[in-house]
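# Close look at the chain arrangement
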Amino acid sequence: MIFIALLWITIGDAGAQSDRDTLPDFQQDRIVLEAGLKDSLGFAKIIDRIRATRSEPRLSLRYITFFEMMDRRYPDIPKDRLSVAHLKADRYNELAWSNNQTNLELALQQLDTADRIAHELNYERGIWRNEFGRGVAYRNSGDSEKALTYFQNFLEHYSEPFDSANVANSQFQIGVCLLNLGKLEESIQALTVAAEIDDQLDRPNYAYNSLGIAYRRAKLYDKAATAYRKAYQHWKTREYIVGQSRALMNLGNLLMETGQIEEAKPYLLRAVALDQGNDYALGYSTENLGNWYLEAGRYDSAYHHLRQSYEIRKTFDNPRQLAIVEHQLARVYMARDQYDQALPLLLNAYETAKAQGEQERIRDVASDLSKWYADQNDFRKALQYKNEFVIAKDSLLNENIAQAVAEVSEKYETEQKERTIEQLNTQNRLQGNLLRARQRQLLLVSIGSLLLAGLLFGIYRLYRRIKLQNRLIQKNLREKETLLKEIHHRVKNNLQIIASLLRIQSRSVTDSKAREAIRESRSRVRSMALIHEDLYRDNDLSGVFMPEYLGKLARDIFRIYNITADRIQLQTSIAPLRLDVDTVIPIGLIVNELITNAFKHAFAERQEGIIELLLEERDEQLILMVRDDGRGFQEKGSPESYGLSMIETFREKLEGDLRIESEKGTTFRLTIRNYRKLENMML
């Protein structure tokens, strides 16, 4: 037997020699085969020994051909665990895994081949590995709805009987699909399970980054920051570059969303540096850095990085990711008044979002399409996409409301069950006491029965009354919350309509002073509309998160006055405070007046400058400061008497002290004593 094996491997017949001409050098494999035959090993153990000697543990298809030849030559070698066909099924699955990010069609073809072989062998492990692989391929292509069915099927039928690692893998993939579909509560639950299992098994933990994204979209910023930092430390310990890059990139995005623009940039730059040499990862990090430049108003740099991401994404078969960067590129074109280049990108991004059913992206792209057509005076199409925006936004709101109602109902039912159990326990104790009393005295038993009946009747009436009151309270609470959201929604819409009417009216006004007055009124209306927009969007209807509100307000004023970041820089230092509406409205109008006056007068004779905006809490007082480095404040003969009188009125309302300094520019410092602070959100 050994002699025949050596003779075939060393010399071989014409057919075998022809096969070997296309294969790698098998001298080392010959030695392993010889040793295995001497030890009377089975086929699978010989293959394991050969694989252990290779530098690459995964066997190429060319090695599968070698094993097929060995199988034909030595049919009497025991097939103790796996056949060559099993190895081929596994190898095609591995090939599909390596292609599912870049070539969906090829990956699905390879999975079809692996599935056919696995079914012919009744190879259950291979069949379910292929099921999982299809889910990954569809998720990477952006079809999260279809991918979700494969992962849920895998979790239900395969993972539980084997090991917890498969449970973690499937829960992670399910969580990511739910996140893409906007189902945040379910996504957080699945990703939390995956993260906990991976930590217990001390294996690579991919769930923390995705968990942070889910928390960020749910406005749970503290939890999001904690998840991102866990992810970064985890991957830094394991020296996994892509994982570190994703965590840094997500931390940067979180800082941007909470109004800390300048603090976000170092994280995003570090992510791009780590991703050099990895095109797939670089497509993500350059996109996010481009978004930062877009948010900062540096449109040339934004275009450069987003275009780089766009060119990378075109090389991969992932319509969803390509559509995301197309949308951001379109926003850059619109900011640069290059409307013709923006429209095709917006339309493609919209169609992709519609095809994949992602309501958040439908909402965002439809909003920009409505703005595009409005700026082109095509108000019919602007209204069409505005309706699409409202439908998508209401759909997301309805999902959140339905989820909240379900949670409250579940909690209520649980409390009712516990209350019923307690009542039954009380009843059992009373019945026991009555039985013991019945043994002592028949009269006491009769009296006790009457008392018990009265007690049960009273408990029943009390239970019915409490149940009815709870229903009325829950109904009134839901109605009030819905009504309050609708009020803020309508106020915001009405204010936006007023701002739009003022903008349209300004186009037909030729008098410069009148046009300026209209623009100032539009800016004031917009400052109030932003407040109601934040209240309608957030779950907290009582207050406004100041870094996000003041950041958007300042950028809106820059946009209205066509001021770019390369001309006048905005530097902000805004404490993470949440204030009630009665405090925010006068503060917003004061900030609007001060920044507007700076544009009109501080830099009237200059092309560049700096405006600083500060809000902090000190000694139970709010400090609001707006400073510019312009030509200084000139009170005498100032045409801003109306604006200053309005500021004075709001100062009295806030019980504040106003100081004006004209040294190296102008500084307005307002100390506020009458304010109400709500929940304080810290990153």
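Going along each chain's sequence as written, the residues are numbered from 1 onward. For a predicted model such as this one, the threshold for reporting local features is a pLDDT of at least 70, and the threshold for listing and counting side-chain atom pairs is 80 or more; totals across whole chains, interfaces and linings nevertheless cover every residue. Each side-chain value is worked out from all heavy atoms of the structure, with water and hydrogens disregarded.

Of note, the phi angle at N562 is positive, near 55°, even though the residue is not glycine. Within the secondary structure, N562 is located in the loop between α24 (546-560) and β2 (568-574). Judged by its relative accessible area of 64%, N562 falls in the exposed class. Residue E655 is not a glycine yet carries a positive backbone phi of 55°. A run of H or I in DSSP becomes a helix once it reaches four residues, and a run of E becomes a strand once it reaches two; helices and strands are each numbered from the N terminus. Categorising residues by exposure relies on relative accessible area from a 1.4 Å probe, with only protein chains included: less than 20% of the type maximum marks a residue as buried, more than 50% marks it as exposed, and the intermediate range marks it as partly exposed.

What follows is about the environment of Q328. Position of Q328 relative to the elements: it lies in helix α18 (residues 319-335). Judged by its relative accessible area of 11%, Q328 falls in the buried class. With 14 residues separating them along the chain, Q328 and A342 place their C-alpha atoms 9.5 Å apart.

Here, expected helix span is obtained from the residue count minus one, scaled by 1.5 Å. Between its first and last C-alpha atoms helix α10 (residues 164-180) spans 25 Å; for 17 residues at 1.5 Å apiece the expected length is 24 Å, and the two agree. Positive phi shows up at G182, right after α10, with a value of about 80°.

Pairing in this open sheet of five strands is mixed, and the strands run β2-β4-β5-β7-β6 from one edge to the other. Two strands close off the open sheet at either side, each with one partner strand: β2 and β6 (656-661). In this sheet, neighbouring strand axes are inclined to one another by 10° on average, regardless of whether the strands run parallel or antiparallel. A pair of strands counts as paired when DSSP detects no fewer than two bridges linking them. Where β2 and strand β4 (residues 609-618) come together, seven bridges link them in parallel fashion. When the sheet's bridge partners are listed, I568 is paired in β4 with G609. Each axis is a line fitted through C-alpha atoms, and for a helix only the stretch in contact is used; angles between axes span 0 to 180 degrees, taken between their N-to-C directions.

Once that is clear, we can look at the side chain of D115. For D115, the location among the structural elements is in helix α7 (residues 104-121). Discounting residues that sit within four places of it in the chain, D115 has contacts with I127, N130 and R134. In this analysis, two residues are considered to be in contact whenever any of their non-hydrogen atoms come within 4.5 Å of each other.

With 18 residues, helix α19 (residues 339-356) extends 26 Å from end C-alpha to end C-alpha; this agrees with the ideal 26 Å at 1.5 Å per step. Of all the positions in α19, only Y339, A342, L343, L345, L346, A349, Y350, T352, A353 and Q356 are classed as buried. Just past α19, the residue G357 takes up positive phi, approximately 70°.

Along strand β5 (residues 621-628), six of the eight residues are buried, which leaves the element largely enclosed by surrounding structure. In this sheet, β5 lies alongside β4 in antiparallel orientation, the contact comprising eight bridges. Looking across to β5, one finds that L614 is bridged to M625. Linking two consecutive strands that pair antiparallel, namely β4 and β5, is a turn of two residues; a positive phi of about 55° is found at D619 within it.

Moving on, we get to the packing of aromatic side chains. Only centres within 6.5 Å qualify two rings of Phe, Tyr or Trp (six-membered ring in Trp) as a pair; their planes then separate them into stacked at under 30 degrees, edge-to-face at over 60, and tilted for everything else. This structure, assessed with the given rule, holds 16 aromatic pairs. Judged by centre distance (5.1 Å) and plane angle (85°), the rings of W292 and Y293 are edge-to-face. The exposure class assigned to W292 is buried, which follows from its relative accessible area of 1%. Connected via pairs of aromatic rings, a cluster forms that spans Y339, Y350, W372, Y373 and Y385.

One speaks of a salt bridge when a side-chain nitrogen belonging to Lys or Arg is within 4 Å of a carboxyl oxygen belonging to Asp or Glu. Per the stated rule, a full pass over the model turns up 21 salt bridges. Here D202 and R238 are joined by a salt bridge, their closest N and O atoms 3.3 Å apart. Of this pair, D202 sits in the loop between α11 (184-201) and α12 (207-217) while R238 sits in the loop between α13 (221-237) and α14 (241-257), placing them 36 residues apart in sequence. Since its relative accessible area comes to 61%, D202 is described here as exposed. We note a salt bridge from E287 to R313, for which the minimum N-O separation is 2.9 Å. Pair noted here: E287 is in helix α16 (residues 279-295) and R313 is in helix α17 (residues 299-313), with a separation of 26 residues, a long-range link. The residues E287 and R313 share a single accessibility class, namely buried. One network of salt bridges, with partners in common, ties together R216, K219 and E257.

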